2 protein chains.
Amino acid sequence: MPERELKALRAVMRREGASLCLVPSEDAHGSEYPAAYFAAREFLSGFTGSAGTLALSEDWAGLWTDARYFLQAERQLAGTGITLYRMGEPGVPSLEEELAARLPEGGVLAFDGRVVDRRLGERLEELAGRKGGAVLLKDLPGEIWQGRPPLPCGPVREQPLDLAGESRTSKLSRIRERMKEEGADLHVVTALDETAWILNLRGSDVPCNPVFLSDLVIGMEEAWLFLREPEAWRGTLEAEGIHVLDYGKFYERLPELCRGKAVLADSKKASMAVWDALGMARRLVDRPDPAVLMKAVKNEAEIAGMRKAHRKDGAALVKFLHWLKTHVGKEPVTELSAAAKLEQFRKEQQGYLEPSFETISAYGAHGAVVHYAPTEETDTPLEPEGFFLVDSGGQYREGTTDVTRTVALGPLTDRQKKHFTAVLKGMLALGSARFLEGCRGVNLDYLAREHLWAMGLDYKHGTGHGVGCFLNVHEEGGSFRWRQPPESEVLRPGMVISDEPGVYLAEEYGIRTENLLLCRAAEENEYGRFLEFEFLTLVPIDLEAVAWEDMGPEDIRRLDRYHREVYEKLAGCLEEEERLWLEQVTEPVGKNLQKTI
Amino acid sequence: MPERELKALRAVMRREGASLCLVPSEDAHGSEYPAAYFAAREFLSGFTGSAGTLALSEDWAGLWTDARYFLQAERQLAGTGITLYRMGEPGVPSLEEELAARLPEGGVLAFDGRVVDRRLGERLEELAGRKGGAVLLKDLPGEIWQGRPPLPCGPVREQPLDLAGESRTSKLSRIRERMKEEGADLHVVTALDETAWILNLRGSDVPCNPVFLSDLVIGMEEAWLFLREPEAWRGTLEAEGIHVLDYGKFYERLPELCRGKAVLADSKKASMAVWDALGMARRLVDRPDPAVLMKAVKNEAEIAGMRKAHRKDGAALVKFLHWLKTHVGKEPVTELSAAAKLEQFRKEQQGYLEPSFETISAYGAHGAVVHYAPTEETDTPLEPEGFFLVDSGGQYREGTTDVTRTVALGPLTDRQKKHFTAVLKGMLALGSARFLEGCRGVNLDYLAREHLWAMGLDYKHGTGHGVGCFLNVHEEGGSFRWRQPPESEVLRPGMVISDEPGVYLAEEYGIRTENLLLCRAAEENEYGRFLEFEFLTLVPIDLEAVAWEDMGPEDIRRLDRYHREVYEKLAGCLEEEERLWLEQVTEPVGKNLQKTI
């Protein structure tokens, strides 16, 4: 199949005088999940992985992807004539090295400027410049793509003020304050979740993320929203000083909006197409988008909504865990059927809309594959032994959840229990931190890793990411990383960040325990303001997986305190049988342990 | 007295056409303790504090100092006509603000370019430039200073290879490697401890720091050492390609040495005078001095030396603590006499030379003054109650020590014990950390503060500083800070860093417990290389000050493990009575506690 498509694209390249064409997988908004409209790389290569870049010339085509997708890419590229470049393997040239080698003197390198970020785009420009050539910002695959999926165009709905907690007028005025401070009179927003948050609107154009295709330009008096169906919102928004225009007109209108203005925009986020338009500005104020930090710091209404969503989600999880513990080994359950069952329990909760990301439902060795999601091909029955890891979340009208639990389906080895316990202690320790305002994630990350590092173990992912409120489950702002970049944000009251240490033993098992933490103010005194965390996630920890000899008194106090909270907040949301089960699995262990010592 | 001096200086200012003259307290090497030769500010103002800057015009004089010295400065400046500017107090203009306000249009601002660092110097240049004026780099106070103390000129001795662990030829060749990597062919070193380390020489020109006045210029084939008494070393060093010149010729020779060269120098360290000379370079490679990191990472011989010095120092401290516990309340002991006694015990140790800094010997409320050092005026008798804090260190031929212990001289309140215990737990936790290579102090600092922050307490100083090996007790390189600057070094095996949390309650008491930590390699596996710390300091912790109910099992294990090590390593260096005392005060408490629970 790719053969015909590649041939057609090469004909267009010849017509346009392009020696090389680059086809990435990103959309025009830096989204985590691009809409099918943007899947040109998949259309041309047949490779369906979430990360990968295709490049081709008249007589060569190559695809770069990372270790997660080597096997899949091999299979999907077989017979296409496309060479697989295994990123990170020794001796494999990088995309830019290969393009530099293949671009002839004076050659033209074509790519869609909307979907290539400015940093890569400028390096490509430089690379072409060194050969006396140039780049051509044009969507060449679009010209031959018959049956291209249309741009999504889901309904856009108002997020009511009692859930949003702040009117868009107030948010726009805070952003304009920041613009003023930075000496800017125009601000360009292309990130979909920022626009959704600023305008208190939600959509359904991207699976799992309640956002809608749009671009937003904010002036000091007026604003311009580019929307797929502008008519639906023109009346309401025009009255608030927001012009509503057609999404397709953004790149046409942007240069004239920027002309002569001091424009605030984040050069790390801008696409090449936006960067080009910013060339019309009088001055570029290259700063992070103000909405990023504002959105990361949840207001009282959002916090109330997040707590509410987490009670619902906790109830669904308790029902699921109870079902799992009472059904596995008695009737056939697989990774896929378990995930479906969990989704069913979530759907029973009022205000639940959809998962906040693709559910990771991983039995045994699958748990060691950090981003595993079961497919028909990999689906595995759950046996009454070992670990089952489930990482999932929900989008509720009031808020977004993200929780991981690793469950003992039957007997565990001592090693499994020791690993589970080290992860648990780290998760509880980070969530129990108390610290002076000014700390960043980098100051606290050690707490989550301490017991793993003491055993010579580690997990090769960050400890925590920001989470939106009925928005994207992966959100910029606060985070926990031990190699934190210096520009990372300090932790602020109102931030919601995940706390998810893990252990992954390839071919054996994976363990991860994840709660969402809400940062909140504690005591303020002559030393400064102290901050602490509240566990938003309310889901019991599987005590059958704990190595009690490794739990110190403080660990047990933390666990018991958490379980008491889980029980108290969820008891009223459960059927009697489930309530009894929850009561039993959250019973304080501190007292019993003291007796046995 | 200052009246006459200021009058004389003003006459010189008029002659030189200077409207303003700035007189700082620094020496020409960024030393922590400048020699008396550089004390022009003290000479002119009578103010003897370690930090403070004098500025004057024809009809005004002002002195800036920080909160530590407000009282002292008030007293010492009384009647001099010099206005005290209390730094950090609301409404008090900064030095630069005041100079900007007082410099007339076209005025000249004079200062000694050797003792003003480039960053301040350039800001002063800018400030003068805005007024159409200029700076004059000249040591005006020097011209009127009759009886100025001579530049120190202590003997310079070789640090033998078995203690230094690496020849100067090898060190120079490693520095030249780094110069080559940075594209430099000349390197200027003005920091005294760097030159001492590079050349395996030690001196006695600065109290507590075994360094000597010098400057060093390193070329790719030869080097130039500027020394107070060049003759003594010319023979030995010329043979190794190091020209030995007179210290006084440095500023004269530097420009010609730099001419046409690519010079590696740290702009953050350079004085204005050096910076000026660097103007002759073909190119400036503005990078940290390579010797900083090399020196911070101790080699095997240095590590062995540090361990040996710490055994001697530990023995002296045990003798002292035993004496203290058996004498306070029975015969008169004061802060000064206790410090003298400690010095006497250190002097009994072979290879001991001098304190590594001024001893902090602080009883009761004096312990809350972080940099308190007793004087005849403040000296206080030690009573058999409350806390005595002693922070001291020694220079031994093999290494440098720095240790703080807080001792119960009699009954303590529960609150005192709780605070002592929180500090102790933090000190032990940081020293017991195990972490992946790549971590910096910022990743671990929380461990030292955790229990204090949990109680709403904090200490307003860093947790730890680098320590030299028979060199400066405060050394650049590794450190523990929670607000760590992004350019801070990663922790490396061989680094020696202090671990010194504390609690300070003004007018009540102060607690600090300080051990030096040696970073060393632990397990290496598929996750990377793990590092850990070894406690270099071997001095018992006062168990009479511990609130046992706050010590978890892990805290007790750490304490017992440390005390076992202290006893095993020191038992052989003590008299029988002291050995018995040490055995008793380091007896493992884990077992006894378990019995009583």
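All of these numbers come straight from a predicted model, not from anything done at the bench.

### Details of the overall build of chain A
Consideration 1: Counting its regular elements, chain A contains 20 helices and 28 strands.
Consideration 2: The C-alpha radius of gyration of chain A comes to 25 Å, within 12% of the 25 Å expected for a compact globule of 597 residues.
Consideration 3: Its C-alpha atoms give chain A principal-axis dimensions of roughly 80 × 55 × 45 Å.
Consideration 4: The contacts in chain A between residues at least 6 apart in sequence include a share of 68% that link residues at least 24 apart.
Consideration 5: For chain A, the exposed area adds up to about 23900 Å²; of that, 50% sits on carbon and sulfur atoms.

### With respect to the pattern of salt bridges
Residues and elements named next belong to chain A.
Consideration 1: In this structure the tally under the stated criterion is 109 salt bridges over all chains.
Consideration 2: Note that Glu532 is salt-bridged to Arg434, the shortest N-O span being 3.9 Å. Placement of the pair is Glu532 in strand β28 (residues 528-535) and Arg434 in strand β21 (residues 434-436), with a sequence separation of 98 residues.

### A few points about the relation of the copies chain B and chain A
Consideration 1: In the superposition of chain B on chain A (RMSD 0.1 Å, axial shift 0.1 Å), the rotation amounts to 180 degrees. In the structure described here, the two chain copies are related by an operation that fits a two-fold rotation axis. Taking C-alpha positions as reference, the residue of chain B nearest the rotation axis is B:Asn443, located at 2.5 Å.
Consideration 2: Taken as a fraction of all interface residues of chain B, those also at the interface in chain A reach 100%, which identifies the copy contact as same-surface.

### Concerning the environment of A:Ala270
All names here are of chain A.
Consideration 1: Here Ala270 shows up in the loop between β13 (262-265) and α12 (272-278).
Consideration 2: When the C-alpha positions of Ala270 and Val189 are compared, they lie 9.1 Å apart, and in sequence the two are 81 residues distant.
Consideration 3: Not counting the four nearest positions on each side in its chain, Ala270 is found in contact with Asp117, Arg118 and Trp275.

### A look at the packing of helix α17 (residues 441-454) of chain A against helix α17 (residues 441-454) of chain B
Consideration 1: Closest axis-to-axis distance for the α17(A)/α17(B) pair is 7 Å, and the angle between their directions is 80 degrees. Judged on the interaxial angle alone, α17(B) and α17(A) are roughly perpendicular. Packed against α17(A), whose contacting residues are A:Val442, A:Asn443, A:Leu444, A:Tyr446, A:Leu447 and A:Glu450, the element α17(B) presents B:Val442, B:Asn443, B:Leu444, B:Tyr446, B:Leu447 and B:Glu450 at the interface.
Consideration 2: Looking at side-chain class alone, the contact of α17(A) with α17(B) contains eight nonpolar, two polar and two charged residues.

### Looking at the sheet that holds strand β18 (residues 394-396) of chain A
Residues and elements named next belong to chain A.
Consideration 1: One open sheet holds the three strands; their spatial order is β15-β18-β19, and the pairing between them is antiparallel. The sheet terminates laterally at β15 (352-355) and β19 (399-400), the two strands that pair on one side only.
Consideration 2: Across two bridges, β18 lies against β19 in antiparallel orientation. Paired with Gln395 across the bridge in β19 is Thr400.
Consideration 3: Docked against the sheet, helix α15 (residues 335-347) engages β15 and β18, running at close to 160 degrees with respect to β15.

### Digging into the interface of chain B and chain A
Consideration 1: Listed as interface residues are 32 residues of chain B and, on the opposing side, 32 residues of chain A.
Consideration 2: Both faces considered, chain B and chain A share a buried interface measuring about 2500 Å² in area, 58% of it formed by carbon and sulfur atoms.
Consideration 3: Linking chain B to chain A there are 12 residue pairs in polar contact (both at pLDDT 80 or more).
Consideration 4: Listed by contribution, the elements that provide at least two residues to the side of chain B that touches chain A are β20 (434-436), α17, β24 (502-505), β26 (515-525) and α18 (553-570) of chain B.
Consideration 5: A total of eight residues in the side of chain B that touches chain A trace back to one element, the largest contributor, which is α17(B).
Consideration 6: In the side of chain B that touches chain A, the residues fall into 19 nonpolar, four polar and nine charged.

### Points about the packing of aromatic side chains
Consideration 1: A full pass over the atoms with the stated rule returns 34 aromatic pairs over all chains.
Consideration 2: Between A:Phe480 and A:Phe533 the ring centres are 5.8 Å apart and the planes differ by 85 degrees, which places this aromatic pair in the edge-to-face class. One end of the pair, A:Phe480, is in strand β23 (residues 475-480); the other, A:Phe533, is in strand β28, and 53 residues separate them in sequence. A:Phe533 matches A:Phe480 in its accessibility class, with the two residues each being buried.
Consideration 3: An aromatic cluster is built from A:Trp60, A:Trp64 and A:Tyr85, whose rings are joined through pairwise contacts.
Consideration 4: Across from the ring centre of B:Tyr37, 3.8 Å away, lies the NZ or CZ of B:Arg148, which sits over that ring.

### A word on the side chain of A:Glu514
Residue and element names in this part refer to chain A.
Consideration 1: With respect to the element layout, Glu514 can be found in the loop between β26 (509-512) and β27 (515-525).
Consideration 2: The charged side chain of Glu514 is buried without a salt bridge, its nearest counter-charge being Arg512 at 5.1 Å.
Consideration 3: Within polar-contact distance, the side chain of Glu514 engages the side chain of Thr404 at 2.6 Å.
Consideration 4: In contact with Glu514, other than residues within four places in its own chain, are Asp391, Asp402, Val403, Thr404, Arg405, His465, Ser498, Asp499, Glu500 and Thr537.

### Quick notes on the packing of helix α16 (residues 414-431) of chain A against helix α18 (residues 553-570) of chain A
What describes two packed helices is the angle between their axes and the distance between those same axes.
All names here are of chain A.
Consideration 1: Here α16 crosses α18 at 70 degrees, and the two axes come no closer than 10 Å. One element, α16, and the other, α18, form an angle in the roughly perpendicular class. Contacts between α16 and α18 involve Leu424, Lys425, Leu428 and Ala429 from the former and Asp555, Arg558 and Leu559 from the latter.
Consideration 2: Split into classes, the residues belonging to the contact of α16 with α18 amount to four nonpolar, no polar and three charged.

### Quick look at the pairing of β28(A)
All names here are of chain A.
Consideration 1: Taken across its eight residues, β28 has six buried, putting it largely inside the fold.
Consideration 2: Sheet analysis places β21 next to β28, joined by three bridges and oriented antiparallel. Of the residues in β28, the one forming a bridge with Arg434 is Glu532.
Consideration 3: Summarising the sheet, β27 and β28 pair through seven bridges and their orientation is antiparallel. Across the sheet, residue Leu517 finds its bridge partner in β28, namely Phe535.
Consideration 4: Taking the residues between adjacent antiparallel strands as the criterion, β27 and β28 are bridged by two residues.

### Considerations on the nonpolar core
Consideration 1: Of all hydrophobic cores here, the largest spans 162 residues; its most connected members are A:Phe320, A:Phe435, B:Phe320 and B:Phe435.
Consideration 2: Here A:Phe320 is in contact with A:Ala338, A:Lys341, A:Leu342, A:Phe345, A:Phe388 and A:Val390, once residues within four sequence places are set aside.

### Brief notes about helix α3 (residues 70-77) of chain B
All names here are of chain B.
Consideration 1: Regarding α3, the residues found buried are Phe70, Ala73 and Leu77. Buried residues of α3, viewed axially, fall in a sector of 65 degrees; they line one side. Away from its buried face, by an angle of more than 90 degrees, α3 presents the exposed residues Leu71 and Arg75.
Consideration 2: Contacts from the buried residues of α3 go to α2 (40-45), β3 (61-65) and β4 (83-86).
Consideration 3: Positioned one or two residues after α3, Gly79 has a phi angle of 80 degrees, which is positive.

### So, the confidence of the model for chain A
Consideration 1: Chain-level pLDDT for chain A is 95 on average; 98% of the residues reach the 70-or-more range.
Consideration 2: The ipTM assigned to the predicted complex is 0.91, against a pTM of 0.92.

### Re the sheet that holds strand β3 (residues 60-65) of chain A
Residue and element names in this part refer to chain A.
Consideration 1: The mixed open sheet is built from six strands, whose spatial order is β4-β3-β2-β1-β5-β6. Edge positions in the open sheet fall to β4 (83-86) and β6 (134-137), since each of these has one partner strand only. The average angle at which neighbouring strand axes cross in this sheet is 20 degrees, direction not considered.
Consideration 2: Direction of pairing for strand β5 (residues 108-111) relative to β6: parallel, over a ladder of four bridges.

### Focus on unusual backbone geometry
Consideration 1: One non-glycine residue, A:Cys208, adopts positive backbone phi at about 75 degrees.
Consideration 2: Counting through the fold element by element, A:Cys208 comes out in the loop between β9 (201-202) and β10 (214-219).
Consideration 3: Residue class for A:Cys208 comes out buried when judged on its relative accessible area of 11%.
Consideration 4: Even without being glycine, B:Phe470 reaches a positive phi, approximately 45 degrees.

### A word on the pairing of strand β23 (residues 496-499) of chain B
Residues and elements named next belong to chain B.
Consideration 1: Where burial is concerned, the two faces of β23 agree: the one with Val496 and Ser498 and the one with Ile497 and Asp499 are both buried.
Consideration 2: Inspection of the sheet shows β23 paired to β26 by four bridges, in the antiparallel sense. Bridging from a neighbouring strand, Val496 pairs with Leu518 of β26.

### Topic: the environment of B:Ser356
Residues and elements named next belong to chain B.
Consideration 1: Note that Ser356 resides in the loop between β15 (352-355) and β16 (360-363).
Consideration 2: Here the alpha-carbon distance between Ser356 and Asn472, two residues 116 residues apart in the chain, equals 7.3 Å.
Consideration 3: For Ser356, the contacting residues outside a window of four places in its chain are Cys208, Asn209, Gly393, Gly394, Gln395, Thr400, Thr401 and Val473.
Consideration 4: Within the structure, Ser356 has its side chain in polar contact with the backbone nitrogen of Gly394 (distance 3.4 Å).

Conventions and cut-offs
- Residues numbered from 1 in each chain as written.
- Chains lettered and ligands numbered in written order.
- Predicted model: local features only at pLDDT ≥ 70, side-chain atom pairs only at ≥ 80, totals over all residues.
- Heavy atoms only, no water.
- Helix = DSSP H or I, 4+ residues; strand = E, 2+ residues; numbered from the N terminus.
- Rg over C-alpha atoms; globule rule 2.2 N^0.38 Å.
- Contact = heavy atoms within 4.5 Å.
- Areas by Shrake-Rupley, 256 points an atom, 1.4 Å probe, with all protein chains shown as cover.
- Salt bridge = Lys/Arg side-chain N within 4 Å of Asp/Glu carboxyl O.
- Least-squares fit on C-alpha atoms with pLDDT ≥ 70 in both.
- Axes fitted to C-alpha atoms, helices over the stretch in contact; angles between N-to-C directions.
- Parallel < 35°, antiparallel > 145°, perpendicular 65-115°, else oblique.
- Nonpolar A, V, L, I, M, F, W, Y, C, P; charged D, E, K, R; others polar.
- Pairing = 2+ DSSP bridges.
- Buried area = accessible area lost by both parts, 1.4 Å probe.
- Polar contact = N/O pair within 3.5 Å; in protein donor to acceptor, adjacent residues only side chain to side chain.
- Phe/Tyr/Trp six-rings, centres within 6.5 Å; stacked < 30°, edge-to-face > 60°.
- Buried < 20%, exposed > 50% of the residue type's maximum accessible area, 1.4 Å probe, protein only.
- Lys NZ or Arg CZ within 6 Å of the ring centre and 35° of its normal.
- Lys, Arg positive; Asp, Glu negative; His and termini not counted.
- Core = buried A, V, L, I, M, F, W, Y, C linked by side-chain atoms within 4.5 Å.
- Arc of directions from axis to C-beta.
- pLDDT = per-residue confidence, 0-100.

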